[in-house]
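Descriptive analysis of the structure
Residues per chain are reported as follows:
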Amino acid sequence: MHAWQRLLDDSKVTPETVRKELAAFEVETPSWGYANTGTRFGKFLQASAAVTLEHKIEDAAEVHRLTGIAPRLAVHVLWDFPDGFDPKVVELAHQHGLKIGAINPNLFQDQCYRLGSLAHPDAAVRKRAVQHCLDSMEIGRRTKSDILSLWLADGTNYPGQDDIVRRKRHLQQGLAEIHAAMPESMTMLIEYKPFEPATYHTDIPDWGTAALLARGAGERARVLVDTGHHLQGTNVEQIVAILLDEGLLGGFHFNDRKFADDDLTAGSIAPYQLFLIFDQIAVARARGVTTPIAYMIDQSHNLKPKVEAMVQTVVNIQTLYAKALLVNREKLAAAQAANDIVSAEECLRSAFFADVEPLLLEVRETLGVPTYPLDELRLSGYTDKQAAKRRADVGEGTHYA
């Protein structure tokens, strides 16, 4: 018997249940995470980075081949579908064993959005933003995506720049209009962020505002929690617990941060926090909460090789999810009932520090994927091969533009 199995002694959860949960667990990777991206100071370019959507699909398929739990690719409409829906994209994704995941409208890049999109003071700009969301929704319908994921850069930089409440009402109206047009199979996810690019006030700054907007938009609107979109010291697992209890948690954008929205590899800075987030999900599931949750990655690596970073991220997320499944709920409940703080905390700590590698190796064998995904990626030479191929595909100058 492995040490991880002993954690489940006298628990209703069996080792086989944990194995099945892990085998069914899936994470969605983002198309933009495979491309050359940067900060407002500039880019550090990588020869193997994806240049076309076809390249992004190839990279995502490689991550899925190696991990077995990343079958969907989130897309950004203006970056991945600049000319509208293209059936060849869906066909190519299917050929690589993938599905198109969340549809992300782009409401921050065009010059007309300088003062906002759905909250813009000009009705014509707000109308354009709504129409872009409707067009994105149509792409989602035709790609059979079930998620419309919204992040707005809307906000102001100076006191008095605009009327905060009026902007809120514009936003409510736009979201309700978009929600009313969604197909029944689609869910709207509303993301929040405390600052950046707006520096004085952001129109959707926190989970409470996002929850109010979701409730106002309609019954298929939920909150999207980006783990890097919080002020220092925020108890993210508490937010997750409350949203789950209110039926308003729709999904995650996983990444990690040290100071702000750093988009670092999930689990690289605060693995215990991510474990505690998964713990709250496990608690909710044990209480009978069945609301679907979209587990998605939102990272943009400037220094790490793109595919290596994505494999590392998927494995980190899988590992921390596995640890959360090992919390002995019966022992924890007994300790809480007895007000035994130390024993209660030890129930969590023992699961967090458990060696789950033997468990993950079993699951990967069941899934038919390499036992050590990152090692397999490096041994395969995939990164160097793609660098050479992509230089030939698009030309040296184009690739490094």
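To keep things clear, this report deals only with the structure shown in the data block. Quick caveat, the model's predicted, so the values are computed rather than measured. (Residues numbered from 1 in each chain as written. Predicted model: local features only at pLDDT ≥ 70, side-chain atom pairs only at ≥ 80, totals over all residues. Heavy atoms only, no water.)

**Quick notes on the overall build of the protein chain**
Within the protein chain, the regular secondary structure consists of 17 helices and 12 strands. In terms of overall size, the protein chain behaves like a compact globule, its C-alpha atoms giving a radius of gyration of 22 Å where 401 residues would be expected to give roughly 21 Å. For the protein chain, the spread of C-alpha atoms along the principal axes amounts to about 65 × 55 × 40 Å. Within the protein chain, the proportion of its 401 residues that are buried is 53%. (Helix = DSSP H or I, 4+ residues; strand = E, 2+ residues; numbered from the N terminus. Rg over C-alpha atoms; globule rule 2.2 N^0.38 Å. Buried < 20%, exposed > 50% of the residue type's maximum accessible area, 1.4 Å probe, protein only.)

**Quick look at the environment of Ala74**
Position of Ala74 relative to the elements: it lies in strand S4 (residues 72-76). Under the relative-accessibility criterion, Ala74 is labelled buried at 4%. Along the backbone, Ala74 and Ser145 are 71 residues apart, and their C-alpha atoms lie at a distance of 9.2 Å. Residues in contact with Ala74, not counting those within four places in the same chain, are Glu28, Thr29, Pro30, Ser31, Trp32, Gly101, Ala102 and Asn104. (Contact = heavy atoms within 4.5 Å.)

**A short note on the side chain of His132**
With respect to the helices, strands and loops of the structure, His132 is situated in helix H6 (residues 123-143). The buried category is assigned to His132, whose relative accessible area is 12%.

**Examining the packing of aromatic side chains**
Considering all chains together, one arrives at 15 aromatic pairs under this definition. A centroid spacing of 4.8 Å and a plane angle of 70 degrees characterise the contact between Tyr272 and Phe352, whose relative ring orientation is edge-to-face. You can see Tyr272 sitting in helix H10 (residues 271-286) and its partner Phe352 sitting in helix H13 (residues 341-352), a full 80 residues away along the chain. Using a relative accessible area of 29% as the deciding quantity, one classes Tyr272 as partly exposed. An aromatic cluster of at least three residues, connected via ring pairs, comprises Phe25, Phe252, Phe254, Phe278, Tyr295 and Tyr321. Directly above the aromatic system of Phe352 lies the positively charged group of Lys323, at a separation of 5.9 Å from the ring centroid. (Phe/Tyr/Trp six-rings, centres within 6.5 Å; stacked < 30°, edge-to-face > 60°. Lys NZ or Arg CZ within 6 Å of the ring centre and 35° of its normal.)

**Considering unusual backbone geometry**
The phi angle of most residues is negative, glycine excepted, and most peptide bonds adopt the trans form. For the peptide bond that leads from Glu196 to Pro197, omega is 5 degrees, which places it in the cis range. Following the sequence through the fold, Pro197 ends up in the loop between strand S8 (187-191) and strand S9 (201-202). Located in the positive-phi region is Asp10, a residue other than glycine, with phi close to 65 degrees. Checked against the element boundaries, Asp10 lands in the loop between helix H1 (3-6) and helix H2 (15-24). Residue Asp10 is classed as exposed on the basis of its relative accessible area, which comes to 72%. At Asp263, a position not held by glycine, the phi torsion is positive, near 55 degrees.

**A closer look at the packing of helix H12 (residues 329-337) against H13**
The contact between H12 and H13 brings their axes to 8 Å, and the two run at 160 degrees. Taken as axis vectors, H12 and H13 run roughly antiparallel relative to one another. For the pair H12 and H13, the crossing hand works out as left-handed. In this structure, H12 contributes Lys331, Leu332, Ala335 and Gln336 to the contact, and H13 contributes Ser343, Ala344, Cys347 and Leu348. (Axes fitted to C-alpha atoms, helices over the stretch in contact; angles between N-to-C directions. Parallel < 35°, antiparallel > 145°, perpendicular 65-115°, else oblique. Left-handed = near helix turned anticlockwise from the far one by under 90°.)

**Some words on the state of the cysteines**
Within this structure, the stated rule accounts for zero disulfides. Cys133 carries a free sulfur, and the closest cysteine sulfur to it, the one in Cys112, is 12 Å from it. (Disulfide = S-S within 2.5 Å.)

**Description of the pattern of salt bridges**
By the definition in use, this model includes 20 salt bridges. A salt bridge links Lys56 to Asp80, with the shortest nitrogen-to-oxygen separation between them at 2.7 Å. With Lys56 in helix H3 (residues 53-67) and Asp80 in helix H4 (residues 77-80), the pair connects residues that are 24 residues apart, well separated along the chain. Accessibility classification places Lys56 together with Asp80 in one group, the buried group. When the shortest N-O distance is used, the salt bridge between Asp162 and Arg167 registers 3.0 Å. For Asp162, a relative accessible area of 16% corresponds to the buried category. Salt bridges linked by common partners bring Glu58, Asp59, Lys389 and Arg390 together as one network. (Salt bridge = Lys/Arg side-chain N within 4 Å of Asp/Glu carboxyl O.)

**Quick word on the nonpolar core**
The biggest cluster of nonpolar side chains holds 104 residues, and the ones touching the most others in it are Phe252 and Phe278. Per element, the largest residue contribution to this core is 11 residues, and it comes from helix H11 (residues 306-325). Excluding its chain neighbours within four sequence positions, the residues that come into contact with Phe278 are Phe25, Phe254, Tyr295, Ile317, Leu320, Tyr321 and Ala324. Counting eight residues, the second-largest nonpolar core is a separate cluster that includes Trp32, Ala102, Ile147 and Leu224. (Core = buried A, V, L, I, M, F, W, Y, C linked by side-chain atoms within 4.5 Å.)

**Section: H13**
The end-to-end C-alpha separation of H13 is 17 Å, in line with the 16 Å expected for 12 residues at 1.5 Å each. Along H13, the residues classified as buried are Ala344, Cys347, Leu348, Ala351 and Phe352. Seen end-on, H13 carries its buried residues on one side only, within an arc spanning 130 degrees. (Expected span 1.5 Å × (residues − 1). Arc of directions from axis to C-beta.)

**Details of the environment of Leu243**
By secondary structure assignment, the location of Leu243 is in helix H9 (residues 236-245). Spatially, the C-alpha atoms of Leu243 and Lys144 are 27 Å apart, while their sequence positions differ by 99 residues. In contact with Leu243, other than residues within four places in its own chain, are Trp207, Ala211, Val223, Val225, Leu248 and Leu249.

**Things to note about the environment of Ala123**
Among the secondary structure elements, Ala123 is positioned in helix H6. Residues Ala123 and Pro292, spaced 169 residues apart in sequence, show a C-alpha to C-alpha distance of 35 Å.

**Topic: the packing of H6 against helix H7 (residues 164-181)**
At their nearest, the axes of H6 and H7 sit 10 Å apart, and the two run at 25 degrees to each other. When the interaxial angle is binned, H6 and H7 end up roughly parallel. In terms of crossing hand, the pair formed by H6 and H7 is right-handed. Here Arg126, Val130, Cys133, Leu134 and Met137 of H6 come into contact with H7, specifically with His170, Gly174, Glu177, Ile178 and Ala181. Here the contact of H6 with H7 is built from residues that sort into six nonpolar, two polar and two charged. (Nonpolar A, V, L, I, M, F, W, Y, C, P; charged D, E, K, R; others polar.)

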